[in-house]
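# Coordinate analysis (summary)
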Amino acid sequence: MCSICVHLLTHFSLFNFLFSLLPSGRSGGGVKRIFGYVTRNYKLSLGVVMLCIIINSVTTLVSTLFTRTLIDDYIVPLTQSENPDFAPLARTLFTLAAVLIVGIICSYVNNRLMINVGQGTLLRLRTDLFEHMEQLPIGYFDSHAHGDIMSVYTNDVDTLRQLIGQSIPSVFSSLITISITFVSMCVLSWPLTLLVVLMTSVMVFVTRVLGNRSARHFKARQQNLGAMNGYIEELLTGQKVVKTFCHEEEAIARFETYNEAVRDSSNNANREANIVMPVNGNLSNLIYVLCAILGATIALKSPLGATLTIGTLVSFLTLIKNFTQPVSHLSQQINNVVQALAGAGRVFDLMDATPEKDDEACIRLVNAKRNDDGTLSESKERTGIWAWKVPKAEFTHIQGKTDESDHQHADFGLIQQRGEVDFTQVDFSYVPEKQVLFDIELDTDAGQKIALVGGTGAGKTTITNLINRFYDIQDGRILYDHIDIRKIHREDLRRSLGMVLQETHLFTGTVMENIRYGRLDATDEECRAAAELVNADDFILRLSEGYDTMLTADGGNLSQGERQLLAIARAAVANPPALILDEATSSIDTRTERLVQEGMDHIMEGRSTFVIAHRLSTVRNSDIICVMDHGRIIEQGNHDELLAKQGKYYQLYTGKQID
Amino acid sequence: MLKTLLNQVKQFKTASILTPIFTSLEVVMGVLIPYVTSWIIDRGIMAGDVRKVVFYGVIMLIMAFVSLVFGILSGRFSALASTGFAYNLRNAMFRNIQTFSFANIDKFSSAGLVTRMTTDVSNLQSAFQQILRISVRAPLNLIFSVFMCVFINTKMSLIFVVALVILSTALYLIISKTVKLFAQVFERYDDLNNSVQENVQAIRVVKAFVREDFENTKFKKAAENLYHLFVRTESLQAINNPVMTTVIYGCIIALSWFGAHFIVVGDLTTGQLTSLFTYVMTIMSSLMMLSMIFVMLTMSAASGRRVAEVIDEKATIFTPENAVTEVADGSIDFKACCFSYGNGEYAIRDITLHINSGETIGIIGGTGCGKSTLGMLVSRLYDASKGSVLVGGVDVKCYDMDVLRNEVAMVLQKNVLFSGTILDNLRWGKTDATLEECMRACQLAQADEFIEQMPDKYNTMIEQNGNNVSGGQKQRLCIARALLKTPKILVLDDSTSACDTATDAKIRRAFREEIPNTTKLIIAQRIQSVQDADRIIVMESGRVNGFDTHENLLKTNKLYQEIYRIQMEGEADFDAPE
């Protein structure tokens with residue numbers, strides 16, 4: 001009766017203690033979600049693991065309690081008998097061996113399964129994280145430092161690896177060991193159990209106090225470490241400047257202050273943390289002695305009329321370590337758990353970020369072929385003709401449409417993709433309080449070349465980013481072939497727009513693979529043809545292994561101009577119906593720049609193109625030139641019209657010539 | 001490597017020696033305690049003598065207290081030693097990095113140095129603490145426990161010998177295999193992280209080409225590879241445990257069997273038997289610890305090597321003895337000068353030319369033609385591989401480094417500002433510069449105007465990497481910073497590329513009028529930036545293709561003509577000023 005009370009008491013306080021250490025609110029949800037991840041696919045495995053841990057704990061207990069059986073039931077009778085018979089002992093030992101083997105098997109099965117559970121969960125977590133990240137809008141990457149996103153995959157997932165692979169199973173098995181040991185201790189002797197529980201609470205309390213103290217120092221350490229790392233990063237990035245200014249001594253002096261702060265705070269933190277182990281270990285020695293004295297008193301003097309055999313007492317004493325060790329282990333694990341939960345919070349923050357929305361989209365881009373009667377019908381193969389496949393219900397909303405489909409599919413109509421983009425009263429801001437585009441009006445016709453010119457921050461890049469929906473507009477309307485772009489499935493919209501960005505990014509892989517990125521089913525010949533078209537062929541053939549040359553670290557082994565040529569080839573192989581180009585400005589020498597420009601000219605031929613222009617020749621040859629300033633289009637027209645206007649364009653154009 | 005690292009223990013030697021000493025004492029106590037517990041059982045409980053129980057209990061408590069004190073002391077000293085060790089490592093690295101020449105920096109890369117100073121050092125710190133505490137504790141525990149066993153009963157301890165042999169062989173086999181696998185795991189792990197990084201950086205490309213699914217498949221494959229390798233490694237490691245427990249249980253059964261016999265004969269007491277049980281556990285757990293230490297050491301060995309490399313790196317450029325401390329004038333001579341970055345190709349080939357003090361020299365040519373290299377050789381940021389470079393008639397290798405670099409101010413192509421106010425940044429050029437001096441330098445560099453428009457003017461905070469100023473503003477601040485040195489030679493390496501042509505022209509005019517006696521080397525892509533220089537060096541593939549005035553080059557130099565034609569024929573920039 002009493003033992004049950006004690007049982008409840010300890011467990012209550014233990015769990016209370018566990019949860020009191022966990023920060024409330026979001027982290028609590030974090031625990032649930034992590035458990036959700038772990039349990040989702042591994043219910044059976046986890047059930048088996050649970051069973052194995054229990055069996056294993058029981059066998060451990062059996063082996064511990066065996067001391068009592070050995071002494072009480074075998075050794076003592078044996079010493080008293082004239083003719084000792086060891087056969088019963090041998091039989092018992094065989095039984096014991098069998099039980100223990102079961103335990104060993106269970107423990108192996110448990111460990112082995114947990115590896116699959118842990119690593120499998122991490123695999124899921126990583127792929128989910130990545131897949132979700134791929135869906136996030138560009139704005140997310142603008143507003144989060146890339147280093148920060150990276151550290152979710154490295155630091156935070158790593159701490160979760162610790163949590164799932166080690167902390168959770170060890171917390172679980174500690175809890176089971178504690179419970180089972182506790183029950184057996186109660187069975188053996190409840191007064192002694194009471195003593196152990198009391199003393200263990202002291203131990204837990206001390207651990208907690210020490211833990212809190214070192215946590216304070218750890219926090220200071222993290223801050224100092226962050227400051228020092230920041231300084232190292234900044235200074236070493238600028239190390240060449242330090243050299244040219246002979247600033248070495250000053251740098252060292254400042255670094256040493258940071259370094260000292262880190263040393264002192266981590267010394268404090270580690271010192272406090274290092275105390276926990278000896279304190280717990282010796283408290284458990286104290287418990288042992290107290291139990292021995294109390295136990296001996298009870299056993300020998302039977303003051304409460306209780307009976308305690310010597311063997312029972314000896315067993316009880318051996319059990320003490322089995323009880324105190326997991327308790328001390330548990331209280332130390334809590335720190336790891338809390339740290340991991342902070343990491344989990346960041347993982348789930350990324351997972352909960354809102355992905356790009358595509359709610360209203362219903363229109364797809366399809367390959368089309370022209371029938372003899374001039375109507376369009378959908379085609380499975382690439383035909384070079386593209387069409388928008390519009391549900392009939394939507395058709396009525398599209399103004400200025402020309403229904404060219406063959407009407408065989410009653411549900412859908414086809415509209416040929418032409419590349420007309422119209423802006424109507426478009427306003428846009430990246431962040432609510434700072435509007436960057438004002439009242440943009442733009443009418444284009446199919447196959448036109450539209451040049452955007454203006455200074456940095458005028459909004460040229462922003463306009464191109466709105467067309468392919470890297471960002472969604474707040475006000476106004478953007479029509480693409482008379483269709484509101486929000487109605488077009490995002491991936492189809494983007495597929496219809498080739499893009500060459502000013503900042504070139506290449507991927508780890510061969511040159512060929514990088515070109516093929518534009519169209520995954522392109523043959524080697526098609527990739528080569530694209531490279532030839534944009535003047536990239538020459539330099540590629542000069543590389544050590546030609547098209548099979550491996551590119552690493554964002555094409556670090558290529559020059560800026562060469563990387564740009566590859567990016568153009570990549571767009572060329574995609575052979576998109578329309579194009580968005582960002583002309584390169586500086587950091588290419590004149591000869592390579594010429595190759596790049598020619599390459600761009602080649603792929604612009606016969607396509608609707610938006611180009612952020614820096615070259616006079618590009619601008620001059622454009623059908624529409626938009627002169628932008630502070631988020632507005634201030635002038636619009638072709639070269640001759642704008643010159644005649646004698647406005648900003650005239651100023652820019654002639655000003656250049658005079659200078 | 002080990003020697004380099006251990007040299008950095010320095011003032012924390014005492015702590016590093018005291019830690020294992022206190023740990024050993026703690027271990028001795030820890031090992032003796034079970035022996036006392038056997039007395040409690042044998043002489044106290046078994047003998048039915050509560051006073052004995054109390055007596056030995058008190059002894060045990062005293063020992064526990066002593067063990068506690070030693071434990072705390074060892075914890076304290078190990079914390080001090082390991083954090084101090086990390087502190088010294090970082091200091092040594094940082095100090096040595098400050099002596100690095102450009103060639104040294106190129107070898108490691110800035111990002112590489114950052115990782116070595118942060119992640120690698122903290123790996124070493126925890127390894128050092130573990131070594132000081134556990135690597136003494138585990139073997140000592142092992143030895144003492146074995147000793148105690150032998151002491152209690154020599155014949156019984158034979159069981160341990162057999163067990164130890166079996167166990168160490170098994171552990172050795174498993175661990176040597178897992179260590180190799182772990183190395184592979186970390187490689188794959190790096191690959192995976194690289195692919196994430198690539199995606200984060202190139203997210204616009206991914207989205208523009210609608211390659212989300214493609215990237216997902218790629219990532220999933222990489223993640224699955226990692227998963228399989230991890231599972232293989234950990235499964236192998238998981239064998240450790242059953243092997244250990246089997247041996248332990250085997251020992252317990254053997255102990256029970258033989259122990260019973262010995263007790264019956266009277267060679268052993270029951271208390272001693274329980275102590276033996278305890279020692280079995282201790283021996284096995286110390287073996288387990290040893291195996292963990294081994295794995296940990298192999299893992300931190302890589303970090304150790306990377307840290308030691310930085311500390312041991314010898315600077316390739318340093319001030320000679322009896323250095324010249326005066327730069328006579330701003331004349332420059334290249335004498336049969338060749339330079340290679342060490343990749344087998346010459347970036348500069350056999351250049352011989354003379355530049356007069358006070359001359360303005362333009363340098364033009366394609367990317368990779370060696371124009372930047374030429375500039376950097378003048379302020380001895382690199383040493384010529386063959387031939388020599390003279391400044392003021394003296395070989396640059398003879399100068400005191402600080403003197404040379406203060407007299408030859410170099411404005412780098414990839415330049416950086418540091419977090420701090422504009423004034424802080426400017427004063428890098430001259431530590432004690434007054435506000436007036438700074439303002440004058442900024443006026444020359446055409447930076448004054450935009451600084452005055454900023455809310456806090458010269459006290460405006462610059463964010464890390466100068467993120468809150470535009471590219472052109474950053475370049476002008478960097479020029480002003482260099483001007484504050486009042487150098488005899490000023491090298492501008494493509495330093496106005498982000499400024500519009502008008503500003504560029506203004507800066508050059510200010511130079512011509514305000515600092516006429518300074519020799520100016522202007523490295524540029526744009527022909528406008530160099531055409532009014534006294535003479536222009538046209539470079540191609542590391543050689544001087546032409547060295548003359550703009551007019552003469554236009555007449556005689558084919559390459560210069562070509563560059564001019566391309567840039568003037570409507571192919572020039574159409575960039576509105578910022």
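Given the structure is predicted, the values throughout are model-derived calculations rather than measurements.

## Side note on the overall build of chain A
Scanning chain A for helices and strands turns up 21 helices and 16 strands. Counting all 659 residues of chain A, 43% fall into the buried class. Across chain A, every contact between residues at least 6 apart in sequence was considered, and the portion connecting residues at least 24 apart equals 77%.

## Let's talk about the overall build of chain B
On a plain count of helices and strands, chain B comes out with 20 helices and 12 strands. Taken along the three principal axes of its C-alpha coordinates, chain B extends 115 × 55 × 50 Å. Each of the 578 residues in chain B was classed as buried or not, and the buried ones make up 48%.

## With respect to the domain arrangement of chain A
Each domain of chain A was delimited in the assignment, giving domain 1 (29-189 + 345-354), domain 2 (190-307), domain 3 (357-417) and domain 4 (442-658). Using only C-alpha atoms to locate each centre, domain 1 of chain A and domain 3 of chain A end up separated by 58 Å.

## Some details on the sheet that holds strand β2 (residues 376-378) of chain A
Residue and element names in this part refer to chain A. Strand order in the open sheet made by the four strands is β2-β1-β3-β4, with antiparallel pairing throughout. Strands with a single pairing partner mark the edges of an open sheet, and in this sheet they are β2 and β4 (412-416). Strand-to-strand twist of the sheet, defined as the mean angle between neighbouring strand axes without regard to direction, takes the value 50°. Two strands pair when backbone bridges link them, and strand β1 (residues 364-370) and strand β3 (residues 386-391) are joined in this way by four bridges, in the antiparallel orientation. Bridge pairing in β3 places Arg 364 opposite Lys 389.

## A word on the interface of chain B and chain A
Listed per partner, the contact involves 123 residues of chain B and 122 residues of chain A. Of the residues assigned to the side of chain B that touches chain A, the class counts are 62 nonpolar, 42 polar and 19 charged.

## Regarding unusual backbone geometry
Of note in this structure, B:Gln446 is not a glycine but carries a positive phi near 60°. Judged by the 24 C-beta atoms lying within 10 Å of it, B:Gln446 is buried.

## Considerations on the nonpolar core
Ranked by size, the top nonpolar core spans 202 residues in total, and within it A:Cys291, B:Val280, B:Ala480 and B:Val491 carry the most contacts. Per-element tally for this core: the top contributor is helix α3 (residues 50-99) of chain B, with 20 residues. Once you skip the residues sitting within four places of it in the chain, B:Val280 turns out to touch B:Ile248, B:Cys251, B:Ile252 and B:Leu255. Membership of the second largest hydrophobic core comes to 83 residues, among which are A:Leu452, A:Met499, A:Leu566 and A:Tyr649.

## Brief notes about the domain arrangement of chain B
Under the domain assignment, chain B is made up of domain 1 (2-312) and domain 2 (332-414 + 487-568). Once you take the C-alpha centre of each, domain 1 of chain B and domain 2 of chain B turn out to be 58 Å apart.

## So, helix α11 (residues 371-378) of chain B
Residues and elements named next belong to chain B. Of all eight residues in α11, eight are buried, a share of seventy percent or more. Restricting attention to buried positions, one finds in α11 the residues Lys 371, Ser 372, Thr 373, Leu 374, Gly 375, Met 376, Leu 377 and Val 378. Following α11 by one or two positions, Arg 380 adopts a phi angle in the positive range, close to 55°.

## Considerations on the pairing of strand β4 (residues 386-391) of chain B
Within a regular strand, the side chains alternate between the two sheet faces. Residues and elements named next belong to chain B. Bridge analysis of strand β1 (residues 332-340) against β4 gives five bridges, and the strand direction is antiparallel. Looking at β4, one finds that Lys 335 is bridged to Ser 388. What sits between β4 and strand β5 (residues 394-395) in their antiparallel hairpin is a turn of two residues, with Gly 392 showing a positive phi close to 60°.

## Re the sheet that holds strand β5 (residues 421-431) of chain A
Residues and elements named next belong to chain A. The antiparallel open sheet is built from four strands, whose spatial order is β6-β5-β8-β9. Whereas interior strands pair on both sides, the edge strands pair on one side only; in this sheet they are β6 (434-443) and β9 (483-484). Sheet topology note: the β5/β6 ladder contains six bridges and is antiparallel. Residue Ser 429 lies in a different strand from β6, and its bridge partner there is Gln 435.

## Comments concerning helix α8 (residues 212-238) of chain B
Along its 27 residues, α8(B) runs 37 Å from first to last C-alpha, staying within 8% of the 39 Å computed at 1.5 Å per residue. All of the buried residues in α8(B) are B:Glu212, B:Glu215, B:Phe219, B:Ala222, B:Ala223, B:Leu226, B:Tyr227, B:Phe230, B:Thr233, B:Glu234 and B:Ala238. Looking at the buried side of α8(B), the elements it contacts are α4 (87-135) of chain A together with α6 (154-201), α7 (203-208) and α9 (240-265) of chain B.

## Re the confidence of the model for chain B
Taken as a whole, chain B shows an average pLDDT of 81; of its residues, 96% reach a score of 70 or greater. Complex prediction metrics read pTM 0.72 and ipTM 0.77.

## Digging into the packing of helix α3 (residues 43-80) of chain A against α9(B)
Between two packed helices, the angle of one axis relative to the other and the distance separating the axes together describe the packing. In contact at an axis separation of 10 Å, α3(A) and α9(B) are set at 20° when each is read in the N-to-C sense. Looking at the two axes, α3(A) sits roughly parallel to α9(B). Considering how the two elements wind past one another, α3(A) and α9(B) form a crossing that is right-handed. Here A:Ser63, A:Leu70, A:Tyr74, A:Ile75, A:Leu78 and A:Thr79 of α3(A) come into contact with α9(B), specifically with B:Tyr249, B:Ile252, B:Ser256, B:Ala260, B:Ile263 and B:Val264.

## Focus on the environment of A:Asp156
Residue and element names in this part refer to chain A. Assignment of secondary structure puts Asp 156 in helix α6 (residues 146-188). When the C-alpha atoms of Asp 156 and Leu 501 are compared, they prove to be 32 Å apart, with 345 residues separating the residues in sequence. Ignoring anything within four residues of it in the chain, the contact list for Asp 156 reads Ser 151, Gly 343, Arg 346 and Val 347.

## Some details on the packing of α6(B) against α9(B)
All names here are of chain B. One way to put it is that α6 packs onto α9 with a least axis distance of 10 Å and a crossing angle of 170°. Judged on the interaxial angle alone, α9 and α6 are roughly antiparallel. Judged by residue contacts, Met 156, Ile 159, Phe 160, Ala 163, Ile 166, Leu 167, Ala 170, Leu 171 and Ile 174 of α6 engage Asn 240, Val 243, Met 244, Val 247, Gly 250, Cys 251, Ala 254, Leu 255, Phe 258, Gly 259 and Phe 262 from α9. Its residues assigned to classes, the contact of α6 with α9 shows 17 nonpolar, three polar and no charged.

## Considerations on the environment of B:Ile351
All names here are of chain B. Along the chain, Ile 351 falls in strand β2 (residues 346-355). Note on Ile 351: 24 C-beta atoms within 10 Å, which makes it buried. Taking the C-alpha atoms as reference points, Ile 351 and Gln 130, 221 residues apart in sequence, are found 57 Å from one another. Those residues within four positions of Ile 351 in sequence are excluded, and the remaining contacts are Phe 334, Cys 337 and Val 544.

## Looking at the environment of A:Gln636
With respect to the helices and strands, the residue A:Gln636 is situated in strand β16 (residues 632-637). Sequence separation between A:Gln636 and A:Tyr649 is 13 residues, and the spatial gap between their C-alpha atoms is 9.3 Å.

## Things to note about the confidence of the model for chain A
All names here are of chain A. Per-residue confidence for chain A averages 77 on the pLDDT scale, and 87% of its residues sit at or above 70. Across chain A, α4 holds the top mean pLDDT of 87, while helix α1 (residues 2-21) sits lowest at 40. This model gives residues 1-27 a pLDDT under 50, and the stretch forms 26 contacts once residues within four places in sequence are excluded.

Definitions and cut-offs
- For every chain, the first residue of its written sequence is number 1, and the numbers climb from 1 along that sequence.
- Whichever chain is written first is A, and whichever ligand is written first is 1; the rest continue in order.
- Selection of residues for local features in this predicted model requires a pLDDT of at least 70, selection of side-chain atom pairs for listing and counting requires 80 or more, and totals for whole chains, interfaces and linings are taken over all residues.
- Note on conventions: DSSP H or I runs of at least 4 residues are helices, E runs of at least 2 residues are strands, and numbering of each starts at the N terminus.
- Whether a residue is buried, exposed or partly exposed is read from the other C-beta atoms within 10 Å of its own C-beta, which are placed from the backbone; 20 or more gives buried, 12 or fewer gives exposed, and intermediate counts give partly exposed.
- We call two residues in contact if the C-beta atoms placed from their backbones are at most 7 Å apart.
- Where each domain starts and ends comes from a domain assignment, either automatic or drawn from a database.
- Only strands that DSSP links by at least two bridges are regarded as paired with each other.
- Orientation is described by lines fitted to C-alpha atoms, with helices fitted over the stretch in contact, and by angles between N-to-C directions that extend from 0 to 180 degrees.
- Each residue gets one label: Ala, Val, Leu, Ile, Met, Phe, Trp, Tyr, Cys and Pro are nonpolar, Asp, Glu, Lys and Arg are charged, and the others, such as Gly, are polar.
- Only buried residues count toward a nonpolar core: Ala, Val, Leu, Ile, Met, Phe, Trp, Tyr and Cys, linked into one set through C-beta atoms within 7 Å.
- The span expected for a helix works out to 1.5 Å for each residue beyond the first.
- Residue-level confidence of the predictor, termed pLDDT, takes values from 0 up to 100.
- Under this scheme an angle from 65 to 115 degrees is roughly perpendicular, one under 35 degrees roughly parallel, and one over 145 degrees roughly antiparallel; angles in between are oblique.
- Crossings are classed by handedness, with left-handed meaning an anticlockwise turn of the near helix from the far one by less than a right angle and right-handed meaning a clockwise turn.

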